Amino acid sequence: MSLEYQKNQLYLIQEKQKHNLLSLARKTGTPFYLYDLIGLIERLRVFKKHTAPAHLHYAMKANSHPEILKTFCKEGVGVDVVSGGEIQLALKAGFKGRDIVFSGVGKTKEEMELALSKDILQFNVESPSELKKLAEIATSLGKRASIAFRMNPDIDVSTHPYIKTGLREHKFGMELEQLSGLKEILKQYPSQLKLQGLTLHMGSQIHDLKPLKAGILKIKNLYKEMQEEFDLKTFDVGGGLGMDYRSQDRDQDLKLIKEYGFFLKELSKSVKAQILTEPGRIITARFACLIGEVQYIKSSSYKNFAIINTGMHHLIRPCLYQAYHHIVQLEKKPGSGRAYDVVGPICESSDVLGKDRVFSGLEEGDFLAILDTGAYGSVMINNYNAQKPPKELVI
Ligand code: LLP
């Protein structure tokens, strides 16, 4: 999202057009999420270009706004889903079953039935029990499920503990030791189960690609071993690319995408497989902001609070992961800077969107934009305190 101040007012710049966010906020009414579709398309294309020949399955849990999904569908990518609800949204946006890989540890009978009836590309299976259940449902529907085993490489990545998934203490994936049991189940259901690949996902918001690469290479070796026994076709390397929320420097994102892309290109030369990749955050995070209005300025001898009409119910990342998001004024005012905690209306002290943020001349009725909220923002909205969701605008 290319944002720029002109005469102290914030503009969204899109190719030859510019949009005054202050006028937009006044006209639309707050709070609202604003998405930059042009930026999103460009980022998707850049990622595709640098990671080819890997096939992109966008992790739609990051952002499943219908306009975004429709646009991505037209760009020819697939999706990674984690629920029947996401399958429905994907189908509605134009994706076909063959575009869908289905991850997640808790797939229900109904979700499996839906996925089987749409002949999805691949179930990423996370446990022996899930495999059995899938086989039984496939039997009852007269279908054959294409599957990949999600393996847990047991390698640590450096990120927030809540979003690590690649260690054996996590609920995700399966241990190498479980393979013989899994193979037994496959033997019992030859007409219902077709093992076509392996997959892994080690966590999210990963900046140092070293452990990610190590995990992928570990599972690649297993893939090669298993190829002698099974007709494997797909190697799904998950998602996880991180970004620096404290910086607005897009070149850093690009640098990481390039490093990852180079690695995937080399990988595809060293293994006979269609590589699938499931990025979420790195595609969408930069291309949205959440705009709210200052309801009250509250000052004590100790602190200043800017109380706005959005908060942890609309953007839970700061509260849940102590995540940082830039917050900027839609209109810069004269005056010296003053530090505020930007907080929402929710009855929790954790309802803080930003601590000690400096604004000049901030007044009640002013608008603030919380930046880089395109991933895991609107999709994690809740209605705690019977609050209403924000609007969502796509430009
Ligand atoms: N594939 C699988 C199987 C996943 O579980 C995830 C994310 C992805 C792909 C996409 O990962 P990404 O490229 O976006 O890192 N709510 C947290 C992030 C949770 C990620 C969950 N899984 C946050 O706001 O930071």
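Residues numbered from 1 in each chain as written. Predicted model: local features only at pLDDT ≥ 70, side-chain atom pairs only at ≥ 80, totals over all residues. Heavy atoms only, no water.

**Student:** Before we go on, may I ask you to explain the nonpolar core in this structure?
**Tutor:** As a rule of thumb, nonpolar side chains are buried together in soluble globular proteins. If you look at the biggest cluster of nonpolar residues, it comprises 98 residues, and the most contacted ones within it are Phe123, Ile147, Phe149, Leu193 and Phe235. At seven residues, helix α8 (residues 209-227) tops the list of elements feeding residues into this core. Within the second largest apolar cluster, 16 residues are counted, among which are Met1, Leu21, Leu24 and Val328. (Core = buried A, V, L, I, M, F, W, Y, C linked by side-chain atoms within 4.5 Å. Buried < 20%, exposed > 50% of the residue type's maximum accessible area, 1.4 Å probe, protein only. Helix = DSSP H or I, 4+ residues; strand = E, 2+ residues; numbered from the N terminus.)

**Student:** What should I look at first to understand the packing of helix α5 (residues 109-117) against helix α6 (residues 128-141) in this one?
**Tutor:** Angle between the axes and distance between the axes are the two parameters that describe a pair of packed helices. Between α5 and α6, the shortest axis-to-axis distance is 10 Å and the interhelical angle comes to 55°. Compared by their axis directions, α5 and α6 come out oblique. Between α5 and α6 lies a crossing of right-handed hand. Judged by residue contacts, Lys109, Met112, Glu113 and Leu116 of α5 engage Glu130, Lys133, Leu134, Ile137, Ala138 and Leu141 from α6. Residues belonging to the contact of α5 with α6 are distributed by class as follows: six nonpolar, no polar and four charged. (Axes fitted to C-alpha atoms, helices over the stretch in contact; angles between N-to-C directions. Parallel < 35°, antiparallel > 145°, perpendicular 65-115°, else oblique. Left-handed = near helix turned anticlockwise from the far one by under 90°. Contact = heavy atoms within 4.5 Å. Nonpolar A, V, L, I, M, F, W, Y, C, P; charged D, E, K, R; others polar.)

**Student:** Even after reading the chapter, I still don't get the side chain of Gln122, so can you show me in this structure?
**Tutor:** Within the secondary structure, Gln122 is located in strand β8 (residues 122-125). Residue classification places Gln122 among the buried positions, given a relative accessible area of 0%. At a separation of 2.9 Å, a polar atom in the side chain of Gln122 contacts the side chain of Gln196. Gln122 has contacts with Ile100, Val101, Phe102, Ser146, Ile147, Ala148, Gln196, Thr234, Asp236 and Leu276, leaving out every residue within four places of it along the chain. (Polar contact = N/O pair within 3.5 Å; in protein donor to acceptor, adjacent residues only side chain to side chain.)

**Student:** How do you make sense of the site of the ligand when you look at a structure like this?
**Tutor:** Contacts to the ligand come from 19 residues, most closely from Ser204, Glu278, Arg317, Tyr321 and Tyr376. Here Tyr321 contributes a side-chain N or O atom positioned 2.7 Å from a nitrogen atom of the ligand. Protein chains shield 91% of the accessible area of the ligand, which is 590 Å² for the free molecule. Using a 2 Å cut-off from the grid points, one finds that the ligand occupies the largest pocket. When its residues are assigned to classes, the shell around the ligand shows six nonpolar, seven polar and six charged. (Near = heavy atom within 4 Å. Areas by Shrake-Rupley, 256 points an atom, 1.4 Å probe, with all protein chains shown as cover. 1 Å grid on protein atoms, 1.4 Å probe; cavity = no way out; pocket = protein on both sides within 12 Å on 5 of 7 lines; lining within 4 Å. Sits in = over half its atoms within 2 Å of the grid points.)

**Student:** Help me out: how do you make sense of the sheet that holds strand β11 (residues 234-236) in this one?
**Tutor:** Hydrogen bonding along the main chain pairs the strands of a sheet, whether they run parallel or antiparallel. Taken in spatial order, the eight strands close into a barrel running β5-β6-β7-β8-β9-β10-β11-β12, and their pairing is parallel. Within this sheet the neighbouring strands show an average axis-to-axis angle of 30°, counted without direction. For strand β9 (residues 145-150) and strand β10 (residues 193-199), the ladder comprises six bridges, and the chain directions are parallel. Considered in β10, the bridge of Ile147 is made with Leu195. Relative to the sheet, α5 contacts β7 (100-102), β8 and β9, its axis offset from that of β8 by approximately 150°. (Pairing = 2+ DSSP bridges.)

**Student:** When you look at the pattern of salt bridges in this model, what are you seeing that I'm missing?
**Tutor:** Once their charged atoms are close, side chains differing in charge can pair, the charge on each being opposite to the other. Applying the stated rule across the entire model yields 22 salt bridges. The residue Asp356 makes a salt bridge to Lys303 at a minimum N-O spacing of 3.4 Å. A residue pair is termed long-range when its members are at least 10 positions apart, and Asp356 in strand β17 (residues 352-360) and Lys303 in the loop between β13 (288-299) and β14 (304-308) qualify at 53 residues. Given a relative accessible area of 19%, Lys303 falls into the buried group. Between Asp366 and Lys333 there is a salt bridge; the shortest N-O distance is 2.7 Å. Of the two residues, Asp366 is situated in the loop between β17 and β18 (367-371) and Lys333 in the loop between β15 (327-329) and β16 (337-343); the sequence distance between them amounts to 33 residues. In this structure Lys333 comes out as buried when scored by relative accessible area, which is 18%. Residues joined by salt bridges that share partners form a network here, namely Arg43, Asp253, Arg286 and Asp372. (Salt bridge = Lys/Arg side-chain N within 4 Å of Asp/Glu carboxyl O.)

Bear in mind that shape data such as this cannot, by itself, settle questions of function.
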